[in-house]
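# Descriptive structure summary
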Amino acid sequence: GSLPVSRWLDDRVVERITAFLFHQGGNEDPHPLAANRDVCFEGFKLYSQGFLFDDADPEASPQSERERVLAENPLCAERIFPYLGGDEVNNSPTHQHRRYAINFGQLSEQEILRWPELVDIVRQTVLPGRLDGYDAPWWQYFRPRPNLARRLNQVPNVLVCSRVQPHWTLSRVSSRQVFAESLDVITISEFSAFAILQSRVHEIWARVFGSSLEDRLRYTPTDCFETFPFPLGWRINQVLEQIGERYYEYRAELLRRTEKGLTETY
């Protein structure tokens, strides 16, 4: 209702103060846009370290086990993928993975028998933790993200970011990887998309409409990406494509030269 008082915002009198603490505009959250549907996803949720090959994790299999399996059955390479997490994206100068993951996707129990060595590993390391009250197939990830998996097969590269980060940074990496739950994956390859999303314009949008963890940005696909209006014609804008590629290559060379990751650099 109306109040017989002055409204002050940033040390000046204004006509109104919106729910977003602006002096103009609406009070409703922006709505998801059809053009942004099935583009940005949360990473895969494994719900067991038994899917991983990682020398630094006692709950995972060692890398030597992966080498043994591949030597015995080279077909197993079809179901072993690089595994990328937030630490590699933020702290490696090249965003290089250091772990591998077994991924059977949404295949049936009969179909996975083609890779018996990998089935044995998952049965020994994953199945015991899923016997009580677990109704999903034990050989699949807890969140297999079928829409994400489908989109990864359609593009050569994707943009990724840590869901929680102090600085707003995006990286461009190969799509032929298993992405950890700590990452958001934007299934677009164009450098023009990188230019738009890495810009201050999108960062402000994400910080206004997203959430936070302590003093860090928490980037959620539904609030930060699906509602964001891309400029018209961005996919065919060659100037934007060139700007994005030039900036990305400059930053990539800087990271390599200084041997620093994104977090330390920003």
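Our subject is the structure listed above.
A brief report on the enclosed structure follows.

What counts and what doesn't
- Here the residue index of a chain counts from 1 through its sequence in written order.
- Local features are withheld for residues below a pLDDT of 70 in this predicted model, meaning they are given only at 70 or higher, and side-chain atom pairs are given and counted only at 80 or more; totals for whole chains, interfaces and linings count all residues.
- Computation of side-chain values covers all heavy atoms of the structure but excludes hydrogens and water.
- Centres within 6.5 Å make a pair out of two Phe, Tyr or Trp rings, where for Trp the six-membered ring is used; the pair is then stacked when the planes are under 30 degrees apart, edge-to-face when over 60, and tilted otherwise.
- Here a helix means four or more residues in a row that DSSP labels H or I, a strand means two or more in a row labelled E, and each is numbered from the N terminus.
- Only protein chains enter the area calculation, which uses a 1.4 Å probe; residues under 20% of their type maximum are buried, those over 50% are exposed, and those in between are partly exposed.
- Whether two strands pair comes down to DSSP finding at least two bridges between them.
- Note on contacts: a residue pair is in contact if any heavy atoms of the two residues lie within 4.5 Å.
- Between the N-to-C directions of two axes lies an angle of 0 to 180 degrees, each axis being a line fitted to C-alpha atoms and, for a helix, fitted only over the stretch in contact.
- As used in this record, nonpolar core signifies buried Ala, Val, Leu, Ile, Met, Phe, Trp, Tyr and Cys residues forming a set joined through side-chain atoms within 4.5 Å.
- For patch building, the residue pool is restricted to those with more than 30% relative accessible area and no salt bridge; the joining distance is 9 Å between like charges and 5 Å between nonpolar side chains (Val, Leu, Ile, Met, Phe, Trp, Tyr).
- Here, Shrake-Rupley sampling with a 1.4 Å probe gives the accessible areas, and only protein chains in the shown set may cover a residue.
- What makes a salt bridge here is a side-chain nitrogen of Lys or Arg within 4 Å of a carboxyl oxygen of Asp or Glu, nothing more.
- Roughly parallel refers to an angle under 35 degrees, roughly antiparallel to one over 145, roughly perpendicular to one between 65 and 115, and oblique to any angle outside these ranges.
- Asp, Glu, Lys and Arg are counted as charged, while Ala, Val, Leu, Ile, Met, Phe, Trp, Tyr, Cys and Pro are counted as nonpolar; the rest, among them Gly, fall into the polar class.
- Taken from the helix axis, the directions to the C-beta atoms give the arc we talk about.

Turning to the packing of aromatic side chains, a few remarks are in order. Taken as a whole and assessed by the stated rule, the structure comprises 15 aromatic pairs. Aromatic side chains Phe20 and Phe209 sit 5.2 Å apart centroid to centroid with 75° between the ring planes, which places their arrangement in the edge-to-face category. Linking Phe20 in the loop between β2 (12-14) and β3 (40-42) with Phe209 in helix α6 (residues 200-209), this pair joins segments that are 189 residues apart in sequence. Considering the side-chain rings of Phe51 and Tyr141, the 4.9 Å spacing of their centres and the 85° angle between planes classify their relative orientation as edge-to-face. Here the residue Phe51 occupies a position in the loop between β3 and β4 (52-53), and Tyr141 occupies one in the loop between α3 (116-125) and α4 (146-152), the gap between them amounting to 90 residues. Neither residue differs from the other here; Phe51 and Tyr141 are each classed as buried.

The strand order across the open sheet formed by four strands is β4-β6-β5-β10, and the pairing between neighbours is mixed. Two strands bound the open sheet, and with one partner strand each, they are β4 and β10 (178-179). With four bridges connecting them, strand β5 (residues 80-84) and strand β6 (residues 99-102) associate as antiparallel partners. If you follow Phe81 over to β6, its bridge partner there is Ala101. On top of the sheet, α3 reaches β4, β5 and β6; it is set at about 95° to β6, its chief contact.

Take the nonpolar core next. Soluble, globular proteins show a tendency: their nonpolar side chains are buried together. Counting 38 residues, the largest nonpolar core has Phe104, Leu118, Val122, Val158 and Phe179 as its most contacted members. For this core, the leading source of residues is α3, giving four residues. Beyond its immediate chain neighbours, meaning those up to four positions away, Val158 contacts Leu152, Ser171, Arg172, Val173, Ser174, Ser175, Phe179, Val185, Ile186, Thr187 and Ile188. One finds Ile188, Ala193, Ile196 and Trp205 within the second-largest nonpolar core, a separate group that totals 24 residues.

Further remarks concern a nonpolar patch on the surface. Where nonpolar side chains cluster on the molecular surface, the patch consists of Phe22, Ile204 and Val208 and spans about 250 Å² of accessible area. Along the chain, Ile204 turns up in helix α6.

To continue, consider the pattern of salt bridges. For the structure shown, the criterion picks out 16 salt bridges. Linking Arg216 and Glu214 is a salt bridge whose minimum nitrogen-to-oxygen distance equals 3.0 Å.

This next bit is on the packing of helix α1 (residues 63-72) against α3. Across the interface, α1 lies against α3 with an axial gap of 9 Å and an inter-helix angle of 150°. Taken together, the axes of α1 and α3 lie roughly antiparallel to each other. Of the residues in α3, those in contact with Glu65, Val69 and Glu72 of α1 are Glu117, Leu118 and Ile121. Class assignment of the residues belonging to the contact of α1 with α3 gives a composition of three nonpolar, no polar and three charged.

For the rest of this paragraph, the subject is the sheet that holds strand β12 (residues 211-213). If you trace the three strands from one edge of the open sheet to the other, you get β8-β13-β12, paired in antiparallel fashion. At either margin of the open sheet sits one strand with a lone partner, and together these are β8 (164-165) and β12. Here β8 runs beside strand β13 (residues 216-218); their pairing, made up of two bridges, is antiparallel. By the bridge assignment for β13, Gln165 is matched with Leu217.

What follows deals with α6. Considered for burial, the residues of α6 that qualify are His202, Glu203, Trp205 and Ala206. Looking straight down α6, one finds that the buried residues subtend no more than 160° of arc, so they occupy a single side. Pointing more than 90 degrees away from the buried face of α6 are the exposed residues Arg200 and Val201. On its buried face, α6 is in contact with α5 (191-197), β13 and α7 (221-225).

With respect to the helices and strands, His202 occurs in helix α6. If we skip the residues at most four places from it in the chain, His202 touches Trp168, Ile196, Leu197, Tyr219, Cys224 and Phe228.

The next point concerns the pairing of strand β11 (residues 183-186). Neither face of β11 is exposed, since Leu183 and Val185 on one face and Asp184 and Ile186 on the opposite face are all buried. Across three bridges, β3 lies against β11 in antiparallel orientation. Among the inter-strand pairings, Glu42 is bridged to a residue of β11, identified as Asp184. Where strand β7 (residues 157-162) and β11 come together, four bridges link them in antiparallel fashion. Paired with Val160 across the two strands is Val185, which belongs to β11.

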